[in-house]
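Fold and contact review
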Amino acid sequence: MESSILLAAEGLSRDYNHQPAVENLNLQLQKGEVLGLLGPNGAGKSTTMQMLTGNLAPTTGSIHINGIDLLEEPRQAKRHLGYLPEQPPVYRDLTVNEYLEYCAKLHGLGGAVRTQAISLARERCSLNEVQNRLIAHLSKGYKQRVGIAQAILHSPAVVILDEPTVGLDPLQMREIRKLIRELGQEHSVILSTHILPEVQAVCDRVQILNRGRTVFNDSLKGITSLEQVFFDLVYQDDPAFADEGGDA
Amino acid sequence: MKMIWIIASTEFRRLFISPLAWSVLAVVQFILAWVFLLGLNEYVTQIQPAMVGRENAPGLSDLVVSALYLWAGVIMLAVMPVLTMRLLAEERMNQTLALLTTAPISISQIVLGKYVGLLLLIMTMIAMLTLMPLSLSLGTDLDWGKLAAAILGLFLLLASFAAAGLFLSSLTRQPIIAAVSTFGLLLFLMVLYISGNSQGAGSELFIYLSHFGHFLSFLEGLFDSSDLMYYLLFIISFLLLTIRKLDNERLQR
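This is a predicted model, so every value here is computed, not measured.

A word on the overall build of chain A
A tally of helices and strands in chain A yields nine helices and 10 strands. Taking 2.2 N^0.38 as the reference for a compact globule, 248 residues should give roughly 18 Å; the C-alpha atoms of chain A span a radius of gyration of 19 Å, in line with that estimate. For chain A, the spread of C-alpha atoms along the three principal axes comes to 65 × 40 × 40 Å. By the burial criterion, 55% of the 248 residues in chain A qualify as buried. Of all intrachain contacts in chain A linking residues separated by at least 6 positions in sequence, the fraction that spans at least 24 positions is 66%. Roughly 11,200 Å² of accessible area belongs to chain A as shown, and the carbon and sulfur atoms make up 47% of that amount. Separation between the mean location of the 23 positive side-chain charges and that of the 30 negative ones in chain A comes to 9 Å.

Shown next, in the form of structure tokens:
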């Protein structure tokens, strides 16, 4: 049971100029689980994701990915990590194939393994028809898919996606959600988003952050209206909202 | 080591995918060819006849070849900031740096990879430039030692430009600011040399600090290990500063 926890973060805190952005956050991710990370803007979602991907060092706390300490052995731990930031980190002047090749090399994949990994990622993200086109010429939806392909290329244990469906049309959104569901079967996925129906569509469990703290962390089973839960938790201690409620 | 090479070769290739490397190489080559022909013409029509029969007369290598490499150094002072600004500042602006910082590679590998990628372009440029003096060897005897010193000197000078530019590129997310500040720093080091040589207010220290003084002694054909050390220290310090800067970004903001 212990070994099936792929990502464990304990007591994570992060200050910016003595202003806490994230306080004492605990996060666990089981194998084959899709976790939705929710919260209003400024709740600390991005900070949390940057810490989990090793792009930001926490002030206190520990992060283990697949049992490896991210802070002690970053290079080992990052092998098991795929990350799609809010803005897909793609080089516009490369073609899709060239770009994926470079990403695979950065992850130390070589020879036949590399070719196979690239064609699998291309297949899963439906990139085959644009594989020789320049990324600069792709639509936003395709760029997003290239970003996801990059994140799952080395088949990492943990995939972290930051708002993967922003700016996509409904059809593309549906495809990406389907893809995330599929990913959840072999990898563990953390999904950060503002779109509540998306969480209900793809996530097994949801963790809601507000002002740097976890205010809700439970499975989605038995919740009929995530929206109600979200507003209750996030705005219960917000004076502006309380006043409005009082007047009505 | 392998990772550094992977990053360097991709950086080098990306330079040639965009028109940037091609236009830089073409413009620099054109201007230097002009300078070279001008110098050669002057030498053949005016200097050579005047030197006939003199002992220890300055030769082609002294007059034409040294001037060519000096010009190359001066032109690259203006060109290098454009090449270095894209290394980190542009990646920041396009938010692509996360690809490298999330991959299982260290910050030093990222910095060295980018630096080596640019060094490859510098070597290409110097190789193309060196074809011009080499063409003279068809008709005359060149001073090979002097040529080698000039090549090494130019390489070290440009490598030091690149290291300074890489560091300034790591400080900002605006490529233009990176380019302007790099140009400013490189120009300042040249002004240091001029002010070190000025009448009355000359200073040995200023001359030592400026990278141009060390370059000139290479052009005279002098290989002094203290000049070499100057460049190595200059390069290593700026690379370490860049690594520190990127590391700090993770630790605090």
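That covers the picture; the talk isn't over yet.
Looking at the sheet that holds strand β10 (residues 213–219) of chain A
Residues and elements named next belong to chain A. Read across the sheet, six strands follow the order β6-β7-β8-β3-β9-β10 without closing on themselves; strand pairing throughout is mixed. The outermost strands of the open sheet, each flanked by one partner alone, are β6 (81–84) and β10. Ignoring which end each strand starts from, the neighbouring axes of this sheet average 15° apart. In this sheet, strand β8 (residues 188–192) lies alongside strand β3 (residues 34–38) in parallel orientation, the contact comprising four bridges. Paired with G36 across the two strands is L191, which belongs to β8. Together, β3, β7 (158–162) and β8 form the strand contacts of helix α6 (residues 170–186), whose direction differs from that of β8 by roughly 145°.

Here's the deal with a nonpolar patch on the surface
Residue and element names in this part refer to chain B. Side chains of V27, F30, I31, W34 and L38 sit close together on the surface and give an oily, nonpolar patch of about 540 Å² of accessible area. Mapped onto the fold, I31 is located in helix α2 (residues 19–51). With relative accessibility at 33%, the residue I31 sits in the partly exposed group.

Regarding the pattern of salt bridges
If you walk through the whole model with that rule in mind, you get 14 salt bridges over all chains. As a salt-bridge pair, A:E33 and A:R205 come within 2.7 Å of each other at their nearest N and O atoms. Highlighted residues: A:E33 in the loop between β2 (19–30) and β3 and A:R205 in strand β9 (residues 205–210), separated in sequence by 172 residues. Here A:R124 makes a salt bridge to A:E186, at a shortest N to O gap of 3.6 Å. Highlighted residues: A:R124 in helix α4 (residues 111–124) and A:E186 in helix α6, separated in sequence by 62 residues. One network of salt bridges, in which partners are shared, links A:D93, B:E11, B:R14, B:R86, B:E91 and B:K114.

Focus: helix α1 (residues 45–52) of chain A
Residue and element names in this part refer to chain A. α1 sits mainly inside the fold: six of its eight residues count as buried. Taken as a whole, α1 has its buried residues at K45, T47, T48, M49, M51 and L52. Immediately downstream of α1, the backbone of G54 shows phi near 80°, a positive value.

Comments concerning the side chain of A:K78
Take A:K78: it is sitting in helix α2 (residues 74–78). Notably, A:K78 is buried but unbridged: the nearest opposite-charge side chain belongs to B:D247, and the N-O separation is 8.4 Å.

Describing the UniProt feature "transmembrane region" (unreviewed entry) in chain B
Residues and elements named next belong to chain B. When the UniProt feature table is mapped to this numbering, "transmembrane region" (unreviewed entry) covers residues 20–40, 60–84, 118–136, 148–169, 175–193 and 229–246. End C-alpha to end C-alpha, residues 60–84 measures 34 Å, and it is 100% helix and 0% strand. When the span residues 118–136 is considered, its composition is 100% helix and 0% strand, and the gap between its end C-alpha atoms is 29 Å.

Concerning the environment of B:P81
Residue and element names in this part refer to chain B. Among the secondary structure elements, P81 is positioned in helix α3 (residues 60–85). Residue classification places P81 among the buried residues on the basis of a relative accessible area of 3%. Sequence separation of P81 and Y69 is 12 residues, and the distance between their C-alpha atoms is 19 Å. When neighbours within four sequence positions are excluded, P81 is seen to be in contact with M76, A179, T182, F183 and L186.

Things to note about the interface of chain B and chain A
Facing the 26 residues of chain B at the interface are 30 residues of chain A. Across the pair B:R13 and A:E98 runs a salt bridge whose closest N-O atoms are separated by 3.9 Å. Counting across the interface, chain B meets chain A through seven residue pairs in polar contact (both at pLDDT 80 or more). Secondary structure elements with two or more residues in the side of chain B that touches chain A: α1 (2–17), α5 (97–102) and α11 (225–251) of chain B. It is α1(B) that provides the largest number of residues to the side of chain B that touches chain A, a total of seven residues. Grouping the constituent residues of the side of chain B that touches chain A by class yields 11 nonpolar, nine polar and six charged.

Observations regarding the packing of aromatic side chains
Applying the stated criterion across every chain, the model contains 13 aromatic pairs over all chains. Residues A:Y91 and A:Y102 carry aromatic rings whose centres are separated by 6.1 Å and whose planes lie at 40° to one another, so their mutual orientation is tilted. Of the two residues, A:Y91 is situated in the loop between β6 and α3 (96–106) and A:Y102 in helix α3; the sequence distance between them amounts to 11 residues. Relative accessible area serves as the criterion here: at 3%, A:Y102 is assigned to the buried category. Between the aromatic rings of B:F234 and B:F238, the centroid separation amounts to 5.0 Å while the plane-to-plane angle is 55°, which identifies the pairing as tilted. Of this pair, B:F234 and B:F238 both sit in helix α11, separated by four residues, roughly a single helical turn. There is no split in this pair, since B:F234 and B:F238 are both buried. Through pairs of rings, three or more aromatic residues link up here, namely B:F167, B:Y208, B:F218, B:F223, B:Y230, B:Y231, B:F234 and B:F238.

Quick notes on unusual backbone geometry
Residues and elements named next belong to chain A. Despite not being glycine, N17 has its phi angle at roughly 50°, a positive value. For N17, the position within the fold is in the loop between β1 (5–16) and β2. The backbone of H18 shows a phi angle near 65°, a positive value even though the residue is not glycine. Structurally, H18 is set in the loop between β1 and β2. In this structure H18 comes out as exposed when scored by relative accessible area, which is 77%.

Criteria and cut-off values
Residues numbered from 1 in each chain as written. Chains lettered and ligands numbered in written order. Predicted model: local features only at pLDDT ≥ 70, side-chain atom pairs only at ≥ 80, totals over all residues. Heavy atoms only, no water. Helix = DSSP H or I, 4+ residues; strand = E, 2+ residues; numbered from the N terminus. Rg over C-alpha atoms; globule rule 2.2 N^0.38 Å. Buried < 20%, exposed > 50% of the residue type's maximum accessible area, 1.4 Å probe, protein only. Contact = heavy atoms within 4.5 Å. Areas by Shrake-Rupley, 256 points an atom, 1.4 Å probe, with all protein chains shown as cover. Lys, Arg positive; Asp, Glu negative; His and termini not counted. Charge placed at Lys NZ, Arg CZ, Asp CG, Glu CD. Pairing = 2+ DSSP bridges. Axes fitted to C-alpha atoms, helices over the stretch in contact; angles between N-to-C directions. Patch = residues over 30% accessible without salt bridge, like charges linked within 9 Å, V, L, I, M, F, W, Y side chains within 5 Å. Salt bridge = Lys/Arg side-chain N within 4 Å of Asp/Glu carboxyl O. UniProt positions renumbered as here; feature names shortened; annotations may be inferred. Polar contact = N/O pair within 3.5 Å; in protein donor to acceptor, adjacent residues only side chain to side chain. Nonpolar A, V, L, I, M, F, W, Y, C, P; charged D, E, K, R; others polar. Phe/Tyr/Trp six-rings, centres within 6.5 Å; stacked < 30°, edge-to-face > 60°.

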